[in-house]
Amino acid sequence: MDQRTRVYAAGAMAVAVFVLIQLGAVALVGPFERAGYQAVENPTDPANSAVYIGAILVATAAMLAVIKLDIQWLLRGFVVFSSGLVSLYVFSVLAPPVSTSLAGVTFNPLAVGGAVVLAVALLAYPEWYVIDAAGVVMGAGAAGIFGISFGLLPAILLLVALAVYDAISVYGTEHMLTLADGVMDLKLPVVLVIPLTLSYSFLADSPTANADESVEADGGEGEEGETDETTTAGAGDRDVFFVGLGDAVMPGVLVASAAFFAPARPLIPGFALSLPALTAMVGTVCGLVVLLRLVMKGRAHAGLPLLNGGAIAGYLVGAVASGIPVVTALGLGPYL
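Residues numbered from 1 in each chain as written. Predicted model: local features only at pLDDT ≥ 70, side-chain atom pairs only at ≥ 80, totals over all residues. Heavy atoms only, no water.

1. Notes on the overall build of the protein chain
- The number of helices and strands found in the protein chain is eleven helices and eight strands.
- When the 336 residues of the protein chain are sorted by exposure, 50% land in the buried category.
- Put simply, of all contacts in the protein chain between residues at least 6 apart along the chain, 78% involve residues at least 24 apart. (Helix = DSSP H or I, 4+ residues; strand = E, 2+ residues; numbered from the N terminus. Buried < 20%, exposed > 50% of the residue type's maximum accessible area, 1.4 Å probe, protein only. Contact = heavy atoms within 4.5 Å.)

2. Section: a nonpolar patch on the surface
- A surface patch of nonpolar side chains, about 320 Å² in accessible area, is lined by Leu-267, Ile-268, Leu-278 and Val-282.
- Broken down by secondary-structure element, the contributors of at least two residues to the nonpolar patch are β7 (266–268) and α9 (275–295).
- Counting through the fold element by element, Val-282 comes out in helix α9. (Patch = residues over 30% accessible without salt bridge, like charges linked within 9 Å, V, L, I, M, F, W, Y side chains within 5 Å. Areas by Shrake-Rupley, 256 points an atom, 1.4 Å probe, with all protein chains shown as cover. Salt bridge = Lys/Arg side-chain N within 4 Å of Asp/Glu carboxyl O.)

3. Observations concerning the pairing of strand β3 (residues 191–195)
- Most of β3 is tucked away: five of the five residues are buried.
- Residues Val-191, Val-193 and Pro-195 line one face of β3 and the alternating positions Leu-192 and Ile-194 line the opposite face, and both faces are buried.
- Where β3 meets strand β6 (residues 240–244), five bridges bridge the pair, whose relative direction is antiparallel. When the sheet's bridge partners are listed, Val-191 is paired in β6 with Gly-244. (Pairing = 2+ DSSP bridges.)

4. Overview of the environment of Phe-271
- You can see Phe-271 is positioned in strand β8 (residues 271–274).
- The exposure class assigned to Phe-271 is partly exposed, which follows from its relative accessible area of 23%.
- Between the C-alpha atoms of Phe-271 and Ala-27, which are 244 residues apart in sequence, the distance is 6.5 Å.
- Non-local contacts of Phe-271, meaning those with residues more than four positions away in its chain, are made with Leu-23, Val-26, Ala-27 and Pro-266.

5. Thoughts on the nonpolar core
- Judged by nonpolar contacts, the single largest core of 89 residues is most densely connected at Val-193, Phe-241 and Tyr-315.
- Looking at this core, the element that brings in the most residues is helix α1 (residues 3–34), giving twelve residues.
- Those residues in contact with Tyr-315, other than ones at most four positions away along the chain, are Leu-152, Ile-156, Leu-254, Ala-258, Ala-262, Pro-276, Thr-279, Ala-280 and Ala-329. (Core = buried A, V, L, I, M, F, W, Y, C linked by side-chain atoms within 4.5 Å.)

6. Notes on the packing of aromatic side chains
- Inspection of the entire model under this criterion finds nine aromatic pairs.
- Among the aromatic side chains, those forming a connected cluster through ring pairs are Phe-32, Tyr-37 and Tyr-89. (Phe/Tyr/Trp six-rings, centres within 6.5 Å; stacked < 30°, edge-to-face > 60°.)

7. Remarks on the confidence of the model for the protein chain
- When pLDDT is averaged along the protein chain, the result is 84; 86% of the residues meet or exceed 70.
- In the model of the protein chain, strand β4 (residues 217–218) stands out as the element of lowest mean pLDDT, 34, in contrast to helix α10 (residues 304–321), which has the highest, 96.
- When the criterion is pLDDT under 50, residues 208–234 qualifies, and its contacts beyond four places in sequence or with other chains add up to 101 contacts. (pLDDT = per-residue confidence, 0-100.)

8. Examining the pairing of β8
- Bridge count between β7 and β8: two bridges; the pairing is antiparallel. Counted as the bridge partner of Pro-266 is Ser-274 from β8.
- With antiparallel pairing between neighbouring strands as the criterion, β7 and β8 make up a hairpin whose turn holds two residues, including Gly-270 at a positive phi of roughly 85°.

9. Notes on the layout of surface pockets
- Its boundaries defined by the atoms lining it, the second largest pocket holds a volume of some 310 Å³.
- The wall of the second largest pocket is formed by twelve residues, among which Val-7, Tyr-8, Leu-292, Arg-293 and Met-296 lie closest to the centre.
- Sorting the residues of the lining of the second largest pocket by element identifies α1 and α9 as the ones contributing at least two each.
- Take the lining of the second largest pocket: its biggest share by element is seven residues, from α1.
- Residue classes in the lining of the second largest pocket are distributed as eight nonpolar, two polar and two charged. (1 Å grid on protein atoms, 1.4 Å probe; cavity = no way out; pocket = protein on both sides within 12 Å on 5 of 7 lines; lining within 4 Å. Points joined across faces, edges and corners; volume = space filled by probe spheres on them. Nonpolar A, V, L, I, M, F, W, Y, C, P; charged D, E, K, R; others polar.)

10. What about the side chain of Ser-83?
- Take Ser-83: it is sitting in helix α3 (residues 72–94).
- With relative accessibility at 0%, the residue Ser-83 sits in the buried group.

11. Brief notes about helix α8 (residues 245–261)
- A rise of 1.5 Å per residue sets the reference length of α8, with its 17 residues, at 24 Å; its end C-alpha atoms lie 24 Å apart and thus fit the reference within 8%.
- Of all bends in α8, the biggest is about 25°, found at Gly-252. (Expected span 1.5 Å × (residues − 1). Bend = angle between axes of the 7 residues up to and from the residue.)

12. Quick notes on the packing of α8 against α9
- Remark: α8 packs on α9, axes separated minimally by 8 Å, with the N-to-C direction vectors making an angle of 165°. Considered as vectors, α8 and α9 are oriented roughly antiparallel to each other. Our pair here, α8 against α9, has a crossing hand that is right-handed. Every residue of α9 that contacts α8 at Pro-251, Val-255, Ala-258 and Ala-259 is listed here: Pro-276, Ala-277, Ala-280, Met-281 and Thr-284.
- Across the contact of α8 with α9, the residue classes break down as eight nonpolar, one polar and no charged. (Axes fitted to C-alpha atoms, helices over the stretch in contact; angles between N-to-C directions. Parallel < 35°, antiparallel > 145°, perpendicular 65-115°, else oblique. Left-handed = near helix turned anticlockwise from the far one by under 90°.)

Encoded structure:
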């Protein structure tokens, strides 16, 4: 297989992973809502977006401090714990409804066992396919929970704000590039690892040492890390590229929100995917294709302006095609 073919295959893999995460989020919105996983009391309140943005800023500052103080074990432990927790939410609604009690606490042993296996696998053998599998579970779970917790207006505001923040943090302050460099060697599911060859090993690789051969990425908020501008390599010199997990999660929030809140009928009975949700997915994929073309040239780019912008544009096209007034599609009805 020549290099061009490998590049296209890797791009197709990235698209497939994004689609899996977003379809998973849509599939989870109903079970999550019935399980009471909605994270806020009033999902239509635009203030929810401001609170989440504030939480991101605090989390980013804390992670940068941890890296500066050279206590990465704390960051690693937090990410693995978070991975297990989100996967527990997912497995709890997917596993057969069995339960047991221990010390007065009732739980589903299958769901707990699945979450423990995922966390242990990340600690013991964080190869690229383990990282990506965990990323799909985490991404679908996180997008599903936020999707039912952010109504249409808060979801759109969140995506717009994060796209602006992403651009500033990558092209302006560049602090997310520092964060990306600090987390890459920890080999955690904050990124999606897209190899160009099946022989590639994430375990044997040192991403920060290969900054001239790959695109490093931060998964917390979806930022694409920066290659060394003096030695930036094209796609022909690359064995792998990395996409932030947040790049898939954030547009997935709007996909899930559209599936849950937009007044449009599901395209498939029993499955929440509506036309606005589907076109939001298509818009995300279009933004991803453009992003991958730019990344393959060996340049650093913020992911969320293209991905979130594509998701919002796609959603609005689908909403209008479904006969939903623009005011309603934007969630502005209660305020006009």
